[in-house]
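One letter stands for each residue in the lines below.
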Amino acid sequence: MLKNTYKAILGANGNLTDAKTGRTFNGDIDYLFNSSFNADGELASTKSAADAFIAAAKAAAKAADDAAAALKESNAKTAYQIDYIEYGTGKILASKTIYDQAGTYIDEYESTIKAGVPAGYVISANGTSYDPTFINYKDPAVQKVTGKSAATISKAHIYVNKKAESAVGTTTYQIDYIDGATGKILSSKRVYDQAGASISKYESAIKSGVPEGYTIDTGRSSYDPSFVDYTGTATPKKLSKAYIVVNGKAAVDTSFGTGDRTTHVEDTDAIYADGYKYGETGATLPSLAGKSEAYKAAFARGFNAGAAVRGEKLAAYKAGYQYGETGAVLPDLAGKSDDYKTAFSGGFTEGGKVYADKLAGTKAGYQTGVTGATLPSLDGKSDAYKEAFSKAYTQGFAGHLAVLDAKATQDATTEANAEAAAGYKAGYQYGETGAVLPDLAGKSDAYKEAFSKGFTDGGKVYSDKQAGYKAGVQYGETGAVLPDLAGKSDAYKEAFSAGFTKGGETFADTLAGTKAGYQTGVTGATLPSLDGKSDAYKTAFSKAYTQGFAAHQAILEAQAAQNATTKANEDNASFNAYKAEEAAQLAKDVAAKNAAAAAAAKAKADQDNASFNEYKLGEASRLSAKTVADAGYKAGYQYGETGAVLPSLDGKSDAYKEAFSKGFTDGGKVYADKLAGTKAGYQTGVTGATLPDLAGKSDAYKEAFSKAYTQGYAGHLAVLDAKDTQDATTQANADKAAGYKAGYQYGETGAVLPSLDGKSDAYKNAFSEGFTAGSEVHFDKLAGYKAGYQYGETGAVLPSLDGKSDAYKDAFSAGFTKGVIAHFDAMAAAKAKAKQDQDNASFNEFKLDEASRLSAKFANKGTATTPATKPATTPATKTPATTAAVKTTAAKTNDQTTATKKDLPQTGDDVNVVASSLGVVAVVGALFGLAGTSLKKRA
């Protein structure tokens, strides 16, 4: 019964033909199943038959892959023509052709396109037009969609301008040829020259540009007399212009005229512009009563010209809207005016929104109808969405009713067949769900026997589901390499897939919790709220946080120890230096005192020996006491003056200690004055305040104040200089920031570049840098979305995005989501069809088998009175009775399948059939090589 499921997978390459057997691959698979499966749709019981089928199926899949690859290789490359067209003239200056796989995006050849721009030209800011991808128009399907012939190739029209247009020192002069009768601009051209050049030098060029069949009406023509550079003036966007009015018949004066027309220009330009504004906007016309005929004529010309532009814009907007609303291939707008292109783009954008709403409404409506879901609220949805939803819902619901009718008919028929079928079904359900066995009293022997067999078979499925789910959870939680499930039942595989998904969620939560917990702990950050997090996340977070916080504490302790060691080393070095200096000074003082004492003693040598001896004894005592006091005072003064930590005075005499204390007090006053002077001086200097009066302050205060003031005032000047510099660069920085932001936005969105006339050099340079950076993001988004969609649509193994930008990753994610939806839609459709085919086949096989068993049963009774088998009858039309029967049967079926649903992946209250099928698809793909997927990967 799995034939159609396998067939859909193995035949994913398309219904190609095997060159060796002459059979299509779908036919080859039919052959394999018919020769390898029994009448019940199961593989033959012998291992050799099963092995032979598996080998043959793999060979068929490989052959399909090889044939598809060969076909792809034969059509591998498509042509893409790039034309470089001069903007304004439409002349093709150069062309080149490149080749690549169909579906390749042209933006991958950006550098190639830029490198091919003809010498002397630059790509025009007016834009380009191109097919976004290399399209294989040889493909019949493409021809059907596009309506184009097989000879068509993808093209890019790259519009270019001469570099002279933007060269320094040139200005632009626009010449408009206006129909004198209608006021319509028939054609325009531009010339470029130095500012101040006379327009009269271009007389011949102006005459040669007159449209065929027209002549110049010099009496109504007007022009600026010279090339005026309006940059930096009150009207920086204005161009010098010549309005060359032409008539369809010969004018009185056919000469162009070179006189000074300044006065005429001043009279008519404003009037013409005013009329043009009314014509372009469609506003209510003002009264021209009292205006001169010349005024009215100029106003009429302007109005007609503006009205023509308005008409062109309206037509372009309407055309763009139609293309956007229908999703048609965009037309070639080469030769259209800028106004037309802009209006077309606006209309296309608005129409595209309607088109998108129609698609979304159609998809949502059909899905709601075909599933029989409750109608959602459409409040806030557009009319296009609602209309498409309603129409698609009607179609979808018709399909839903057809499915219900078919199911009701099948249930009614099944109910009427035999008690054995009901018994087997009931037994299978009890076995599959593991429910307590019911009381079978009153049931027939056939019902009981079939119930027993069904229960046994269902029990196997129940065991497989339990074992598969448990194993899947274990593999998911550990992130281990998936095992080979070949030989496992479908129930085991489906449950394994569901368990693996559940375990994978736990595994992902454990990884996320571990990372977040360790990061929070090691940085010492505040613990976040874990409300809403899973138990696995919380457990992993807690464990990792403990480890991270231990590392954080170790870092803090190591830093504290390092800081303490550094401080101690600095204190010891400072104290040792002081002690050395103090000892040297004391030695000098003692030597000086000793020398003085010796001199005094020698001066008294002539005194009476008795008096001298007496004096000598007294002087020595006094000198000794003075030396000790002087040394103590000096040492104390130095300690007080420097604010150093006091030394130990153990072992010093009382005289030394008393003098030390006095010196420390006096030195401390100097130290305090120095600190106060330093603080006041620096504060006065750094703030630039007026110098205070220092009269009455000590010398120490004044000296410290002066020194600190010098340092503080230097800082004050530095601040002023920095502020001046900052003020000078603020405007440039603002221009840079604004230019970069604008350039980035234009680059990121791929919009047509704006004119930067009147912008500063800083703005322009930053705009260029921002545009380059934004363009990288723009191309990353395009490439990421394309790659993501392809991976999602094909179901391929996701690639590593390491090294890719965030823009690429975000776009990849969005594209992947869209691709997965398309992938699942295709799988669901294939699965639904396979299920329908399988059910039909099963039912037909069951009816044949049942008829055979019933026939044999009645034949064995050996009596001619055995009633003939009464065929089941199905009412041709629905009656209240049959409808009630259908509802009752459906209710029973729903009750019986409730237990089954709880083991399947669910979305809300419904079983997610697509998600349930993923396990089967994955396992069958592993068994048979996933021919379709491997082909798409190579593509």
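Values in this document were obtained by computation on a predicted structure and should not be read as measured data.

A. Fine view of helix α11 (residues 419–433). An ideal rise of 1.5 Å per residue puts 21 Å on 15 residues; α11 measures up with 21 Å between its terminal C-alpha atoms. What α11 keeps buried is the set Ala421, Gly423, Ala426, Gly427, Gln429, Gly431, Glu432 and Thr433.

B. Geometry of the pairing of strand β1 (residues 78–86). Extensive coverage of β1 is indicated by the burial of 9 of its 9 residues. As paired elements, β1 and strand β4 (residues 154–162) share 7 bridges and run parallel to each other. Residue Asp83 lies in a different strand from β4, and its bridge partner there is His157.

C. Representation of the confidence of the model for the chain in the model. Residues of the chain with pLDDT of at least 70 account for 77%, and the chain-wide mean is 79. Taken together, the stretch residues 250–255 has pLDDT below 50 and engages in 8 contacts with residues farther than four places along the chain or on a different chain. Per-residue pLDDT stays below 50 along residues 864–893; that stretch engages in 18 contacts with residues further than four places along the chain or on separate chains.

D. Representation of the nonpolar core within the structure. Counting residues in hydrophobic clusters, the biggest one holds 15 residues, and the most contacted among them are Tyr173, Ile175, Tyr177 and Ile244. Counting residues in hydrophobic clusters, the runner-up holds 13 residues, among them Tyr84, Ile98, Phe134 and Val160.

E. Fine view of the environment of Phe451. Topologically, Phe451 is positioned in helix α12 (residues 445–478). Judged by relative accessible area, Phe451 falls into the buried class, the value being 4%. The spacing of Phe451 and Ala422 is 29 residues in sequence and 8.0 Å in space, taken between C-alpha atoms. Contact partners of Phe451, with chain neighbours within four places excluded, come to Gly423, Tyr424, Ala426, Gly427, Tyr430, Leu437, Pro438 and Leu440.

F. Representation of the packing of α12 against helix α13 (residues 490–523) within the structure. For the pair α12 and α13, the least separation of the axes is 6 Å and the interaxial angle reads 30 degrees. By the criterion of interaxial angle, the relationship of α12 to α13 is roughly parallel. Judged by the sense of rotation from one axis to the other, the crossing of α12 with α13 is right-handed. A class-by-class count of the residues in the contact of α12 with α13 yields 13 nonpolar, 8 polar and 4 charged.

What counts and how
Residues numbered from 1 in each chain as written. Predicted model: local features only at pLDDT ≥ 70, side-chain atom pairs only at ≥ 80, totals over all residues. Heavy atoms only, no water. Helix = DSSP H or I, 4+ residues; strand = E, 2+ residues; numbered from the N terminus. Expected span 1.5 Å × (residues − 1). Buried < 20%, exposed > 50% of the residue type's maximum accessible area, 1.4 Å probe, protein only. Pairing = 2+ DSSP bridges. pLDDT = per-residue confidence, 0-100. Contact = heavy atoms within 4.5 Å. Core = buried A, V, L, I, M, F, W, Y, C linked by side-chain atoms within 4.5 Å. Axes fitted to C-alpha atoms, helices over the stretch in contact; angles between N-to-C directions. Parallel < 35°, antiparallel > 145°, perpendicular 65-115°, else oblique. Left-handed = near helix turned anticlockwise from the far one by under 90°. Nonpolar A, V, L, I, M, F, W, Y, C, P; charged D, E, K, R; others polar.

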